[in-house]
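Spelled out, the chains give:
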Amino acid sequence: MSTILKISGLSKNYGALQALKDISLEIPGGSVYGLLGPNGSGKTTMLSIILGVTKPRSGTYQWKGASPNESSSHVSALLEKPNFLPKTRISDQLNMIAILRGIPPEERKLRVEEVLKQTGIAEAAGRPFRSLSLGMKQRLGIAGVLLSNPSVLVLDEPTNGLDPQGIIDIRNLIRDLAAQGRTIILASHMLDEIEKVCTHAAILKKGELIKTEEIRRESRSKAGFVLKLGLENQPVSHIIDALKSWEHSIEVEQTEGFVVAAFSPGAENASNVNRWLSEKGIYLSEIQLHRASLESSFLKAVEDTK
Ligand SMILES: Nc1ncnc2c1ncn2[C@@H]1O[C@H](COP(=O)(O)OP(=O)(O)OP(=O)(O)O)[C@@H](O)[C@H]1O
Ligand SMILES: [Mg+2]
């Protein structure tokens with residue numbers, strides 16, 4: 001994937017408060033990129049900067065095909081809660097947005113129908129905004145973003161305030177949009193949200209970038225569980241060699257004197273893994289359930305801000 005946005009040394013102050021500290025990262029085209037961090041960590045500030053709404057104190061952002069610190073016409077964003085007129089039909093309101101976006105008159109009707117269909121609210125086209133559920137309102141906000149057919153969508157906390165079904169709906173919509181080849185950059189303070197929908201994540205804490213990570217969902221969802229395994233007085237390569245021959249181990253890697261291994265549900269549980277290894281003459285000195293690294297980094301980010 002080629003880089004669609006390159007951020008280099010971005011900093012931002014609000015008076016004495018440093019909201020962003022020297023952030024550098026690259027967002028691959030076609031990714032669903034999550035900015036994850038607790039309240040006040042700088043997510044909205046960063047999105048506002050890359051959208052050209054707020055100016056950085058220093059550093060640059062560069063969209064593919066654009067000059068540094070310039071916005072891109074391929075990018076469309078939903079930064080705040082969708083704001084619509086309460087009593088007006090939603091199709092009429094989308095039509096107004098289409099006018100503002102400069103969509104030619106002959107294309108407007110079709111575009112409005114398309115985005116209503118894409119976001120799954122076509123049957124509500126004739127209804128006033130105030131009659132929509134929160135999830136439908138959020139979908140409508142995204143429909144407005146889609147009018148200009150952007151290749152990049154920037155969404156700030158798209159599931160905030162939604163009930164569980166609304167959250168699932170938006171998550172599915174984001175997946176659909178990504179499957180169409182669009183890049184999606186979204187901010188959330190919920191780890192679960194990011195893990196379920198994103199391909200990449202960056203963790204922010206008090207304006208600092210703690211870590212970036214690619215989320216390998218496929219191997220994780222196939223994994224029944226992940227264990228951290230250790231041996232006393234023996235090289236851990238013994239565990240690695242043994243596990244590589246076991247049908248229920250999916251991924252085995254060595255880290256800092258331990259082995260972190262992912263197992264399919266067929267491995268059943270940790271004691272079964274222990275039993276299987278002991279049958280091979282390998283007696284573990286340490287065995288513990290391993291947290292995914294995104295989770296442990298995020299928990300650390302949250303803990304330290306308390
Ligand atoms: N316009 C502003 N003036 C002064 N301080 C601000 C302004 N906007 C944001 N801040 C401060 O900058 C820091 C980062 O805020 P930001 O809104 O970017 O965080 P966030 O990660 O989006 O938080 P949330 O999860 O609550 O949306 C916070 O301490 C916030 O109070
Ligand atoms: Mg925010």
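These numbers come from a predicted model, not from an experiment.

## Quick look at the domain arrangement of the protein
Link 1 in the chain: Assigned domains of the protein: these are domain 1 (3-215) and domain 2 (218-295).
Link 2 in the chain: Each of domain 1 and domain 2 has a C-alpha centre, and these two points are 39 Å apart.

## Some points on the packing of helix α2 (residues 90-100) against helix α3 (residues 105-118)
Link 1 in the chain: Where α2 contacts α3, the axes come no closer than 9 Å and their chain directions differ by 120°. Classified by the angle their axes make, α2 and α3 are oblique. α3 is crossed by α2, and the crossing has right-handed handedness. On α3, the residues touching S91, L94, N95 and A98 of α2 are R108, R111, V112, V115 and L116.
Link 2 in the chain: Taken together, the residues of the contact of α2 with α3 break down into five nonpolar, two polar and two charged.

## Regarding the environment of P105
Link 1 in the chain: Relative to the assigned elements, P105 resides in helix α3.
Link 2 in the chain: The sequence separation of P105 and I4 amounts to 101 residues, and the corresponding C-alpha distance is 31 Å.

## Overview of unusual backbone geometry
Link 1 in the chain: For N69, which is not glycine, the phi dihedral falls at a positive 55°.
Link 2 in the chain: A count of 16 C-beta atoms within 10 Å places N69 in the partly exposed class.
Link 3 in the chain: Phi is positive for N149, close to 50°, though the residue is something other than glycine.
Link 4 in the chain: Along the chain, N149 falls in the loop between α4 (134-146) and β6 (152-156).
Link 5 in the chain: Under the C-beta neighbour-count criterion, N149 is labelled partly exposed, with 13 such atoms within 10 Å.

## Let's talk about the site of ligand 1
Link 1 in the chain: What surrounds ligand 1 is the set Y14, L17, A19, G37, N39, G40, S41, G42, K43, T44, T45 and H189.
Link 2 in the chain: Every element with two or more residues in the shell around ligand 1 is listed here: β2 (17-28) and α1 (43-50).
Link 3 in the chain: Per-element tally for the shell around ligand 1: the top contributor is α1, with three residues.
Link 4 in the chain: Across the shell around ligand 1, the residue classes tally to three nonpolar, eight polar and one charged.

The rules we used
Residues numbered from 1 in each chain as written. Chains lettered and ligands numbered in written order. Predicted model: local features only at pLDDT ≥ 70, side-chain atom pairs only at ≥ 80, totals over all residues. Domains from an automatic or database assignment. Axes fitted to C-alpha atoms, helices over the stretch in contact; angles between N-to-C directions. Helix = DSSP H or I, 4+ residues; strand = E, 2+ residues; numbered from the N terminus. Parallel < 35°, antiparallel > 145°, perpendicular 65-115°, else oblique. Left-handed = near helix turned anticlockwise from the far one by under 90°. Contact = placed C-beta atoms within 7 Å. Nonpolar A, V, L, I, M, F, W, Y, C, P; charged D, E, K, R; others polar. Buried ≥ 20, exposed ≤ 12 C-beta atoms within 10 Å, placed from the backbone. Near = placed C-beta within 6 Å.

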